[in-house]
Amino acid sequence: MRKVTLKLRLTTRTFLTIGSGVPPEPIGPDIILANISHEKVILPSSTLKGVLRKSFIKVSKFLDEPTCESLDVKEMETKHNELRKAGKTCITCEVFGGPGIEGMLMVEPLVLEEGVSRLMDFTHVSIDDRYGRAARGRLFTVEYIIPNSNLTTNIHLKLPDDMEKATHYLRLLLLALANLRYERIGRGGLVDVHLTEAEGIDAFLSDNVVKELYDSLLSKQPGAVEK
Ligand SMILES: [Zn+2]
């Protein structure tokens, strides 16, 4: 098994709403549930994993790779059976996991740099904007991560020893990460994606596709590790 750790920095390009999922949220959060304690803001990895999976499916379809497209277990299994009959396996579930498939990717929770100072509370403003008045009994909090905020996380990959296979998975994953810049987070959030560091990737840099994607994702901002 080959271990690769991708250290990521996501920079918000728009306001990104965060919410607890309760109660009525007319705008709808881009990211559900924020764990805020002592100025520190941690966001669960599920949102990023979900958007990255969507991006991976899009890229895989574009490259004519065998993949399921649904998040519904029944539909996934139907597609997997169909692929199996053709002697193929679903590449998305191989990487991200699926029914009866462990997957090879683990995403750590996201940490908001500078914590609560990057949050903005629009509780009343949002109601007034929408209805032109304060809706009685409909007080709720919609919080935003302001643009140009940095979210950091690590993606841990367990790639197979077979170098050809491992390279193939890595190519698709880096492509999916690059494509994430054009994917919507939740209702409409946009993020810029940068790699700040990649552990265990050196063995793959002789592959031109991996090298090119790696270079394009590498952060040019100060503090980034240049290779
Ligand atoms: Zn699948």
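None of these values were measured; they are calculated from a predicted model. (Residues numbered from 1 in each chain as written. Predicted model: local features only at pLDDT ≥ 70, side-chain atom pairs only at ≥ 80, totals over all residues.)

Enquirer: Please explain the confidence of the model for the chain as it appears in this structure.
Expert: When pLDDT is averaged across the chain, the result is 84; 78% of the residues are at 70 or more. By mean pLDDT, helix α4 (residues 123-131) is the weakest element of the chain at 47, and helix α3 (residues 91-96) is the strongest at 97. Confidence over residues 124-129 falls short of pLDDT 50; this stretch has eight contacts with residues more than four positions distant or in other chains. (pLDDT = per-residue confidence, 0-100. Helix = DSSP H or I, 4+ residues; strand = E, 2+ residues; numbered from the N terminus. Contact = placed C-beta atoms within 7 Å.)

Enquirer: Would you mind going over helix α5 (residues 163-179) with me for this structure?
Expert: Every α-helical turn comprises 3.6 residues, leaving residues that sit three or four positions apart pointing alike. For α5, spanning 17 residues, the distance from its first C-alpha to its last is 24 Å, which sits close to the expected 24 Å at 1.5 Å a residue. Buried-residue contacts for α5 involve β1 (2-12), α1 (46-62), α3, β10 (150-159), β11 (191-199) and α6 (208-217). (Expected span 1.5 Å × (residues − 1).)

Enquirer: Can you walk me through the packing of α1 against α5 in this structure?
Expert: Packed helices, taken two at a time, are described by the angle between their axes plus the distance between the axes. Two elements in contact, α1 and α5, have axes separated by 8 Å at closest approach and are oriented at 115°. On the basis of their axis angle, the class for α1 and α5 is roughly perpendicular. Judged by the twist between their axes, the crossing of α1 over α5 is right-handed. Across the interface between the two elements, L52, S55, F56, K58, V59 and S60 from α1 touch L172, L173, L175, A176 and N179 from α5. Considered class by class, the residues forming the contact of α1 with α5 number seven nonpolar, three polar and one charged. (Axes fitted to C-alpha atoms, helices over the stretch in contact; angles between N-to-C directions. Parallel < 35°, antiparallel > 145°, perpendicular 65-115°, else oblique. Left-handed = near helix turned anticlockwise from the far one by under 90°. Nonpolar A, V, L, I, M, F, W, Y, C, P; charged D, E, K, R; others polar.)

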